[in-house]
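Below, each chain spelled out in residue letters.
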Amino acid sequence: MRVIFWGRMLPKVVESVVNELSNGTRKLQICIQVDPAVKATEFSSPYLDEVIRENAFSFDALERKLVERREPALLVLDLWGFLFAENALKLMQDLRPAFNLARRTLILMPKTWLGQWEETPSAQGLSRSSRQELNQFFQRLVGAFEVLWNTDGPEIYCVQSAPTFELLELVTGQTGLAPRRVLGVHLLPKECRNYAARFTSVAKLTHEVLSFLNLPIPVPGDRVEREGVVPWVCSVDSDIVYGPVQPRGEGRSSFARLSPELIAAGVQSRTPLLEQGLLTMSCRWDRYVRLEAGKRPFWALPAATLSRTGYMNFPSPEAAAWLHFLGTLEQTTPQHLMKRGQSVAGQTAFPSIYQPAAQDSLEDTVLS
C-alpha cells in the first residue's frame, strides 16, 4: 500500500512520520510531494520510495499518482497552505476528484472554530482592520470544511489542530520567535506580549497521522461502519505554551506560568526571556516579519498556477497574525464560551476516528 503526502506547510511532521515508519517492518511505500524549486538534498532520506517533484497545486499530477498503479493509495493532504490562496474554495472543489480516487484520505487542517473566535477576549482586543484580516482566513477555513463535509469520498478523515510552532517560524522567518533587533531595540509583536498562545507539537501530529495509517484496510466488498457521519473528525490538543512577554521590571503574567497539571504532562514552555529593549514600543507583525520573508512568495508559482490559486498572501504579516491568533484561541477557557451558549472549544459532536469498535490484530493493519 502506498501513502502519498501532499502539501508542504508541515514539513517537520512529514519528516517525523517518515522516520517513525522506518523504525520497523512496514507495508507502506512512502511518496512525498516536493516543489520543483526545493533542493533534493533536503529530501534525501533512504526511507522514501518516491519524491514527486510537482507543484502543490498541480492536482492533475496528484490524480495521476493516485491511479498510476492498480491499487489505490492513501492520501495525507496538508490543507494549511491552501488556505492562504485567494481561491481557496475553488481549490477545494478541484480536489474532489482526488478524494474519490484515494483509498482513504487524511486532511490536516486548523480547527474551524465557526463563530466562536469573535467572542473571545483576544478577539475583542483587536482593531477593526485586524478583525477583518483574520475574518477572511476563517471564512476560507469554514468554506473548505464545508466542501469536505459534502464530499462523498470513499473515506475522508480530518485532524484539526492548532498550528505547530515550526509553522509560525516558517511564516515569520524568525527562529524561536526571538525578538527582532531594530536600531538597538528588541521588538516583538504586541500580540505576543498581550496574549499567551498554545501550539501543537510535531510529536502530537505525528502520533495522529500514524494512528490514521494504522487503521485496518477492509477487503473488497466489506463495508466500514461510520456511524452515519462523513467525514470523521478528530481535534488534537495543543501542548506548547508561548508568551506572553511582559515589560522589564514587571512580574511575569500568570498566563506564562504553567499549571501543575501541564508540568506533569511534560508541556514545554517557549516563553522568551528578554534582558533589554523597550518592550512597550509599538510593534505589529508587519514590522516584525523579516523583509525578505514578507516580500518573497512561499511558492514560486508560474502564471498558469496563479490563475488557479489567485493571490497568495503568504508569507505576510496577516498570515502570521492569523496563525498566532489560532494559538491564542487555544487559551480560551471553556467557561467563557459556555456563558455565551456555545459549545466548548475543542469538543465536537463528530466521533473520533480512533475509537475502534473492536480490537484489531496487528496483522490487520497496514503498518504491521
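Please refer to the structure placed before this passage.
This structure is a prediction, so every number in the text was calculated from the model and none was measured. (Residues numbered from 1 in each chain as written. Predicted model: local features only at pLDDT ≥ 70, side-chain atom pairs only at ≥ 80, totals over all residues. Heavy atoms only, no water.)

**A short note on the overall build of the chain**
Right, so step 1: Assigned secondary structure in the chain consists of 14 helices and twelve strands.
Right, so step 2: Looking at the chain as a whole, 51% of its 368 residues qualify as buried.
Right, so step 3: In the structure as shown, the chain presents an accessible area of about 17,600 Å², 51% of it carried by carbon and sulfur atoms. (Helix = DSSP H or I, 4+ residues; strand = E, 2+ residues; numbered from the N terminus. Buried < 20%, exposed > 50% of the residue type's maximum accessible area, 1.4 Å probe, protein only. Areas by Shrake-Rupley, 256 points an atom, 1.4 Å probe, with all protein chains shown as cover.)

**Overview of the packing of aromatic side chains**
Geometry of an aromatic ring pair is reported as the spacing of the ring centres plus the angle between the planes.
Right, so step 1: In this structure the tally under the stated criterion is 15 aromatic pairs.
Right, so step 2: Centre to centre, the rings of F57 and F82 are 5.2 Å apart; their planes meet at 80°, and the pair counts as edge-to-face. With F57 in the loop between β3 (50-53) and α2 (59-67) and F82 in the loop between β4 (74-78) and α3 (88-101), the pair connects residues that are 25 residues apart, well separated along the chain. The exposure classification of F57 matches that of F82, with both residues buried. (Phe/Tyr/Trp six-rings, centres within 6.5 Å; stacked < 30°, edge-to-face > 60°.)

**Regarding the pattern of salt bridges**
Right, so step 1: This structure, assessed with the given rule, holds nine salt bridges.
Right, so step 2: E68 is paired through a salt bridge with R2; the nearest N and O atoms lie 3.7 Å apart. Of the two residues, E68 sits in the loop between α2 and β4 while R2 sits in strand β1 (residues 2-6), which places them 66 residues apart along the sequence.
Right, so step 3: Because the salt bridges share partners, they merge into one network encompassing R2, E50, K65 and E68. (Salt bridge = Lys/Arg side-chain N within 4 Å of Asp/Glu carboxyl O.)

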